[in-house]
Amino acid sequence: AFSHQIGKGEAYDFLAPVYSLNIINQSFSRQSEVWYHHYRLSHQSLPDNYMPGIEFVLIELPNFIPANHTELKITALWLRFLKEIKDGTIMISQELMDVPEIAEAIEVLKVTSYTKAELDKYDKYWDILRTQQTFINDALKKGKIEGERDGEIRGEIRGEIRGEIRGKIEGEIEGEEKTNKKTAQKLILRGFSNEDIADITGLDNDQINRLREEMN
């Protein structure tokens, strides 16, 4: 996740930090009063000299005691998210979506459930953005974009690029999904099993079962 963010010859300032989040339902540190553990890579002899970029967060559930009702409710919603939201989940409780951080986590999860073809398109989208960012940075260094308009221009350029590329990608993905569903419907009528349909179309078992229900 860290090293694959940039390609050969690209600037290191494109790298975003990566966090390993681990939720543990058992004792980890044997310190009953500590439930949140945040680790980072540091120099063995110089602990204040650490390597930025990769950090580890461990949450020890048995040690967590909510301080108030609000904290208890948010914790319960996060636990529901971990239990209920899986790849391909469509019906999502509005109570979960009302918490901005959980809604964002659900959007991130959608990316992890993309098919290989969808992930390839998603990667191409970010590759193009990184290339455009390189051009923008070069222009800034050469003094072509200066002063107070710098932020506005960069925002406008990024917005236009993201909107155009994302629109094309989402259109392609939507078109591909429709084609796969039509193919799956034909295979259902011919008596193919869910496993065979999944191999041919890339749809998951839940999607195929929904199609079967709609066709009945």
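Refer to the structure printed above.
Note that the structure is predicted; figures quoted are calculated from it, not measured.

What counts and how
Residues numbered from 1 in each chain as written. Predicted model: local features only at pLDDT ≥ 70, side-chain atom pairs only at ≥ 80, totals over all residues. Heavy atoms only, no water. Pairing = 2+ DSSP bridges. Helix = DSSP H or I, 4+ residues; strand = E, 2+ residues; numbered from the N terminus. Axes fitted to C-alpha atoms, helices over the stretch in contact; angles between N-to-C directions. Buried < 20%, exposed > 50% of the residue type's maximum accessible area, 1.4 Å probe, protein only. Polar contact = N/O pair within 3.5 Å; in protein donor to acceptor, adjacent residues only side chain to side chain. Contact = heavy atoms within 4.5 Å. Arc of directions from axis to C-beta. Core = buried A, V, L, I, M, F, W, Y, C linked by side-chain atoms within 4.5 Å. Lys, Arg positive; Asp, Glu negative; His and termini not counted. Salt bridge = Lys/Arg side-chain N within 4 Å of Asp/Glu carboxyl O.

Asker: What should I look at first to understand the sheet that holds strand β1 (residues 18-24) in this one?
Answerer: Note: strands within a sheet are paired through backbone hydrogen bonds, in either parallel or antiparallel orientation. Taken together, 3 strands build an open sheet; the order of strands is β1-β3-β2 and the sheet is mixed. Across the chains shown, the open sheet's two edge strands, defined by having one partner strand only, are β1 and β2 (36-42). Recorded for the sheet is a direction-independent mean angle of 20° between the axes of neighbouring strands. Pairing analysis gives 7 bridges linking β1 to strand β3 (residues 50-60), with the strands arranged parallel. Considered in β3, the bridge of S20 is made with F56.

Asker: I would appreciate a short explanation of the side chain of E60 in the present structure.
Answerer: Within the secondary structure, E60 is located in strand β3. The buried category is assigned to E60, whose relative accessible area is 1%. A polar contact is formed between the side chain of E60 and the side chain of H37, at a distance of 2.6 Å. Contact partners of E60, with chain neighbours within four places excluded, come to I24, Q26, S27, F28, S29, R30, V34, W35 and H37.

Asker: I would appreciate a short explanation of helix α6 (residues 194-201) in the present structure.
Answerer: Spacing of three or four residues puts side chains on the same side of an α-helix, whose turn is 3.6 residues. Inspection of α6 places N194, I197 and T201 among the buried residues, and these make up the whole buried set. Projected down its long axis, α6 shows its buried positions confined to an angular sector of 65°, all on one face. Looking at α6, the residues exposed on the side facing more than 90 degrees away from the buried face are E195 and D199. Just past α6, the residue G202 takes up positive phi, approximately 85°.

Asker: Got a minute to help me understand the nonpolar core in this structure?
Answerer: Where a protein is soluble and globular, its nonpolar side chains tend to be buried together. L77, F81, I85, L96, V99, I102, A105 and I106 form the largest nonpolar core, which has 8 residues in total. Secondary-structure elements contributing two or more residues to this core are α1 (69-84) and α3 (100-112). Of all the elements, α3 adds the most residues to this core, at 3 residues. Excluding residues that lie within four positions of it along the chain, L96 makes contacts with L77, R80, F81, E84, I85, I102 and A103. One finds A184, I188, I208 and L211 within the second-largest nonpolar core, a separate group that totals 7 residues.

Asker: Just checking my understanding: could you explain the side chain of E55 for this structure?
Answerer: Here E55 shows up in strand β3. In this structure E55 is buried but unpaired, with R40 as the nearest side chain of opposite charge at 5.2 Å. A polar side-chain atom of E55 sits 2.5 Å from a polar atom in the side chain of H38. Sequence-distant contacts of E55, that is, excluding residues within four places in its chain, are made with V18, Y19, S20, H38, Y39 and R40.

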